[in-house]
Amino acid sequence: MNSARDMRSQPESTPPAGPSTPPERPARPGFGPRLWRWTKRLLVLAAVGVVLLALVIGGAYLYYSRDLPSAEALRNYALPQVTKVRCADGSVCAEFFMPQGRRTVVDVTQLPPHVRDAFLAAEDADFYKHPGLDVFGMTRAAVKNLIPGSRKSGASTITQQVVKNMLLTPERSLSRKIREWILTPRVEEALTKDQILGLYINQSYFGQGRSGIEEAALYYFGKQAKQLSIGEATVLGGTVQSPNRINPERNIVRAKQRQRYVLGQMAQHGFLPKDVVEKELEKPIVLAPRPPPEVGPYYAEEIRRTLVARYGDEAVLTGGLRVDIAMDPKLQVAADEAVRKGLEAVDRRQGYRGALGTLEPARFERLKPLIARQIEEAGRRQKEGAYVADLASLSQSGEPTPKPAEAEEPVVTPAEEEEEATLSADEKLARDVKLEPLKEGLRVTGLVTQVDDAGKRARVDLVGRIAEIPFSTVPWARLKGKGAPAKMSDVMKPGDLVLVRVLRVTPTPALLEATLDQVPLVQGGLVVINPSNRNVVALVGGYDFQRSSFNRATQARRQPGSSFKPFLYGAALGSGRYTPISTVNDAPEAIRDPYTGKTWKPQNYDRAFDGPMTLREALTKSKNTVSVRLIEAITPATAIDFARRAGIRSALPENLTLALGTGEVSVLEAANAYATLQANGRYAEPLMLLKVTDARGKVLEEHQPAFEETLPPAVAYLTTSLMRSVVEEGTAKAVTELNRPAAGKTGTASENRDAWFSGFTADWVASAWVGFDDHSPLGSSETGGRAPLPIWLDFMRVAHQNLPSREFEVPAGVVQVRIDPATGLLAGNSVPGRLESFLEGTQPTAEAPPPGHVSPSDFFLQEGSRGGL
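Residues numbered from 1 in each chain as written. Predicted model: local features only at pLDDT ≥ 70, side-chain atom pairs only at ≥ 80, totals over all residues. Heavy atoms only, no water.

### Looking at the pairing of strand S12 (residues 523-530)
For step 1, the next point in the chain: Along S12, eight of the eight residues are buried, which leaves the element largely enclosed by surrounding structure.
For step 2, the next point in the chain: By the alternation rule, side chains of S12 split into Gln 523, Gly 525, Val 527 and Ile 529 and Gly 524, Leu 526, Val 528 and Asn 530, which are all buried.
For step 3, the next point in the chain: As defined by bridge partners, S12 adjoins strand S24 (residues 765-771) across seven bridges and the pair is classed as antiparallel. Bridging from a neighbouring strand, Val 527 pairs with Ser 767 of S24.
For step 4, the next point in the chain: Pairing of S12 with strand S13 (residues 535-540) involves five bridges; the strand directions are antiparallel. Looking at S13, one finds that Val 528 is bridged to Ala 538. (Buried < 20%, exposed > 50% of the residue type's maximum accessible area, 1.4 Å probe, protein only. Helix = DSSP H or I, 4+ residues; strand = E, 2+ residues; numbered from the N terminus. Pairing = 2+ DSSP bridges.)

### Side note on the confidence of the model for the chain
For step 1, the next point in the chain: Across the chain, pLDDT averages 89, with 89% of residues at or above 70.
For step 2, the next point in the chain: Segment residues 1-13: pLDDT under 50, and zero contacts once partners within four positions in sequence are set aside and those in other chains are kept.
For step 3, the next point in the chain: Per-residue pLDDT stays below 50 along residues 858-869; that stretch engages in eight contacts with residues further than four places along the chain or on separate chains. (pLDDT = per-residue confidence, 0-100. Contact = heavy atoms within 4.5 Å.)

### Concerning a nonpolar patch on the surface
For step 1, the next point in the chain: Where nonpolar side chains cluster on the molecular surface, the patch consists of Val 44, Val 48, Val 51, Leu 52 and Leu 55 and spans about 460 Å² of accessible area.
For step 2, the next point in the chain: Of note, Leu 55 is situated in helix H2 (residues 31-65). (Patch = residues over 30% accessible without salt bridge, like charges linked within 9 Å, V, L, I, M, F, W, Y side chains within 5 Å. Areas by Shrake-Rupley, 256 points an atom, 1.4 Å probe, with all protein chains shown as cover. Salt bridge = Lys/Arg side-chain N within 4 Å of Asp/Glu carboxyl O.)

### Focus on the sheet that holds strand S23 (residues 754-760)
For step 1, the next point in the chain: Sheet architecture is open: five strands sit in the order S13-S12-S24-S23-S22, paired in antiparallel fashion. Either end of the sheet is taken by a strand with one partner, and the two such strands are S13 and strand S22 (743-748). Direction aside, the axes of adjacent strands within the sheet are offset by 10° on average.
For step 2, the next point in the chain: Against the sheet, helix H23 (residues 713-729) touches S22 and S23, its axis set at about 70° to S22. (Axes fitted to C-alpha atoms, helices over the stretch in contact; angles between N-to-C directions.)

### Comments concerning the pattern of salt bridges
For step 1, the next point in the chain: Per the stated rule, a full pass over the model turns up 59 salt bridges.
For step 2, the next point in the chain: A salt bridge links Lys 341 to Asp 794; the shortest N-O distance between them is 3.6 Å. Residue Lys 341 is located in helix H14 (residues 329-350), and its partner Asp 794 is located in helix H24 (residues 789-799); the two are separated by 453 residues in the primary sequence.
For step 3, the next point in the chain: On the accessibility criterion, Lys 341 (49% relative accessible area) is partly exposed.
For step 4, the next point in the chain: Asp 794 gets classed as buried once you look at its relative accessible area, which sits at 17%.
For step 5, the next point in the chain: Between Glu 737 and Arg 797 there is a salt bridge, and its shortest N-O distance comes to 2.4 Å. Of the two residues, Glu 737 sits in the loop between H23 and S22 while Arg 797 sits in helix H24, which places them 60 residues apart along the sequence.
For step 6, the next point in the chain: For Glu 737, a relative accessible area of 42% corresponds to the partly exposed category.
For step 7, the next point in the chain: The exposure class assigned to Arg 797 is partly exposed, which follows from its relative accessible area of 33%.
For step 8, the next point in the chain: Ionic contacts of the salt-bridge type, sharing partners, join the residues Asp 586, Asp 606, Asp 610, Glu 617, Lys 621 and Lys 623 into one network.

### Concerning the packing of helix H18 (residues 565-574) against helix H20 (residues 624-634)
For step 1, the next point in the chain: Packing of H18 against H20 brings their axes to within 10 Å, and their N-to-C directions diverge by 45°. On the basis of their axis angle, the class for H18 and H20 is oblique. Of the two elements, H18 crosses H20, and the hand of that crossing is left-handed. Each of Lys 565, Leu 568, Tyr 569, Ala 571 and Ala 572 in H18 lies in contact with H20, whose residues at this interface are Asn 624, Val 626, Ser 627, Leu 630, Ile 631 and Ile 634.
For step 2, the next point in the chain: Taken together, the residues of the contact of H18 with H20 sort by class into eight nonpolar, two polar and one charged. (Parallel < 35°, antiparallel > 145°, perpendicular 65-115°, else oblique. Left-handed = near helix turned anticlockwise from the far one by under 90°. Nonpolar A, V, L, I, M, F, W, Y, C, P; charged D, E, K, R; others polar.)

### So, the packing of aromatic side chains
Working definition: an aromatic ring pair is given by the centre-to-centre distance plus the angle between the planes.
For step 1, the next point in the chain: For the structure on display, the rule yields eleven aromatic pairs.
For step 2, the next point in the chain: Relative to Phe 808, the ring of Phe 760 has its centre 5.7 Å away and its plane inclined at 85°; by these criteria the two rings are edge-to-face. Here the residue Phe 760 occupies a position in strand S23, and Phe 808 occupies one in the loop between H24 and strand S25 (814-819), the gap between them amounting to 48 residues.
For step 3, the next point in the chain: Of the residues examined, Phe 760 reaches a relative accessible area of 0% and is grouped as buried.
For step 4, the next point in the chain: For Phe 808, a relative accessible area of 8% puts it in the buried group. (Phe/Tyr/Trp six-rings, centres within 6.5 Å; stacked < 30°, edge-to-face > 60°.)

### Brief notes about the sheet that holds strand S20 (residues 699-702)
For step 1, the next point in the chain: An order of S2-S1-S3-S19-S20 is seen for the five strands of this open sheet, with the pairing classed as mixed. In this open sheet, the two edge strands, each paired with only one partner strand, are strand S2 (92-96) and S20. The sheet shows a mean angle of 20° between the axes of neighbouring strands, direction not considered.
For step 2, the next point in the chain: Sheet analysis places strand S1 (residues 83-86) next to S2, joined by four bridges and oriented antiparallel. Residue Thr 83 lies in a different strand from S2, and its bridge partner there is Phe 96.

### Considerations on the state of the cysteines
For step 1, the next point in the chain: On inspection of all chains with the given rule, the structure shows one disulfide.
For step 2, the next point in the chain: Disulfide pairing is shown between Cys 87 and Cys 93; the S-S distance is 2.0 Å. Every disulfide takes its handedness from the sign of the S-S torsion; for Cys 87 and Cys 93 that torsion is 105°, giving right-handed. In terms of burial, Cys 87 and Cys 93 fall into one category: buried. (Disulfide = S-S within 2.5 Å.)

### Brief notes about the packing of helix H5 (residues 158-166) against helix H6 (residues 174-190)
For step 1, the next point in the chain: Between H5 and H6, the least distance of the axes is 9 Å, while the angle of their chain directions is 115°. For the pair H5 and H6, the sense of crossing is right-handed. Here Thr 159, Gln 160, Val 163 and Lys 164 of H5 lie close against H6, whose contacting residues are Arg 176, Lys 177, Glu 180, Trp 181, Leu 183, Thr 184, Val 187 and Glu 188.
For step 2, the next point in the chain: Across the contact of H5 with H6, the residue classes tally to four nonpolar, three polar and five charged.

### Details of the side chain of Thr 159
For step 1, the next point in the chain: The residue Thr 159 is located in helix H5 in this model.
For step 2, the next point in the chain: Note on Thr 159: relative accessible area 0%, which makes it buried.
For step 3, the next point in the chain: Thr 159 has contacts with Phe 127, Gly 132, Thr 184, Val 187, Glu 188 and Ile 196, leaving out every residue within four places of it along the chain.

### Some remarks on H18
For step 1, the next point in the chain: The buried fraction of H18 is high, at nine of ten residues.
For step 2, the next point in the chain: Listing the buried residues of H18 in full gives Lys 565, Pro 566, Phe 567, Leu 568, Tyr 569, Gly 570, Ala 571, Ala 572 and Leu 573.
For step 3, the next point in the chain: Phi turns positive, to about 85°, at Gly 576, one or two residues after H18.

### Side note on the environment of Ser 549
For step 1, the next point in the chain: Considering the arrangement of structural elements, one finds Ser 549 in the loop between S13 and H18.
For step 2, the next point in the chain: Measuring from C-alpha to C-alpha, the distance between Ser 549 and Glu 301 comes to 8.0 Å, with 248 residues separating the pair along the chain.

And the structure:
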């Protein structure tokens, strides 16, 4: 067995070695097999890549689809619409809206084809052809954006823009873009093309606080969107890309360039024949006259606050409500002007506070050409003069200049963000300088460039024009602690930024005639009521709403001073213990107030005491001592009750100081309480808001006056009769200029911190107040007859134009008899007398003795009277 195993283990025999030969290599595959092998490899890789890409896309789709808003929501989406407020004459006098601007929605299918096509040509010519995403356009934009130095380009379709603006946020990020791509097809499935275009046109921002084509058409061209011409439609179609930079009011040059592009696109895509486009290309853009400014901003803001309290912010600012109010626009304009004029007069008596700030000449020389270019490029409205610059924003010191609400642009587009990044600091400063159309009465801030004491003048640069201020117009401008200026350099110096008022617009290149101006610190309020229906026809709550929206007519409570006395005198008459000719002693006296426990010595304004006098004379001369004696006699509670029934709702102090008007009231309630007296005791709430209707026409509320007799008519009439003497003989004698029966009362609070005049005629009731917000004294000369009365009178002059003079209605229960003023007895045939009114049953019955007749009782009465002096 071993031998066999050994035999198996021996190697096989090999043939003898021959000549050496290399082994044969295998044949190399041909080109075809090799190509196929690589193709298979690439196909496998491609398949894997496609699978991975599909997984990534699917994962991204699922990831970014989470919490996406529903495209179906756009079916019933209600775009925010402006709430319009109509005044008594039917005109729209105020609008409430979101920061995105005013908007009135229109049906896009009712617009002419050229209006719709202008937006398609400007933004998405193939809108009606593609399914929402323009793949070719997206690819083209992506390639362009990869080119170094090229301006970034977008390829968003109109549907994508609707998705971005209405369903997503405007942030610029890949995640937002992916969500936009996901939602766009969904929106295309949920809505028709017309619905999508309607959302786009009504949602777009057009600059100057206007959203939606309807409001833009009204603002820029003074017509509805359906009335736009081809040229006007293409201007608006092109504005959407950069509404704050190329709207035709801001920059008519760039607006025209953009319009030409849109017109070219309309021709290229067949929206308009080329011959029509050629005619439009060279036509100038013509802007409509500027819409008139909204009147009564304080009145409108009071309405807005009232509506928001009842319906909430969203309903008021986005719900498209229709609101009717009691404001009469013509009377409101007169009230606004009266308050402005009156406060400026008070302010000038206070002196000059100095320049608003300074500006270095070198800095101004850098900024001036930039501002001049803005003036050159700004669109000019019909019936307006050239622009000048208001340089207030360039002030390096001095009073801060408030920015109007519209100065903050609510919508900034990506194109505008890119442009903003390229601007220098000077360009940004120049851009923020406000431009104003030149007109007489215009108030702007300019730079003093020359002061000529010898020539008695100064020159002020407004960039567009130069204004000259003669020294003769600035004697009022005395600085604090100094006397009247002796020369122009006492008032201003080169480099000062000063407020000027244009007095006369002269043809260029002549100098504008102007005067130095100043914004008052003193404030005021005025409320005007129609007593027949209690409509508040005008309301002013301050000097300038843009600077301060605090409404001093409704939100402030101030001491009425002596203008409260008619309610005290009315309560005394109503007590039955006094008549208009009852005698009360005007004499100094130290009084211990039982309600406060303090000893008090009332003083008259003139520090004089005139002895015994009738109630009529005491109110005419506004005697404080007599008022205190009256309230002592009838009690503060009785006076408060009378004031409450007249309409005073504010808290009143139940002590003797109430006689001097120490309780604080609003201008509105004071005016309405006086209206109760004018109406012979008939009270009703003052009406500002008359009717509210929702966007569908449903009436939400409606108001009519609800009168009730809260005061005896005869007592109210007697109180009015006493106040007529204030106008005819007393502290309000200036009112006689109206040449008609009038009644009223001046009021000056402690230390001259508040000054009032409240009064009425047979047609109108008004209360005017003047004071500082911080309760600083107005000055010893600023009384009710000097500060607020001119405001009241300026308004009443306008309000009574073309109205016949009317007497106050005499109610039942009033007896009018002729009395002898010396004795208070009936005037016989031999005694000259005057007509006096009494409550029935309180009139004198005895006749005055003939002149020269003296009785013993009369002698002692006269001696007693003299002894009281």
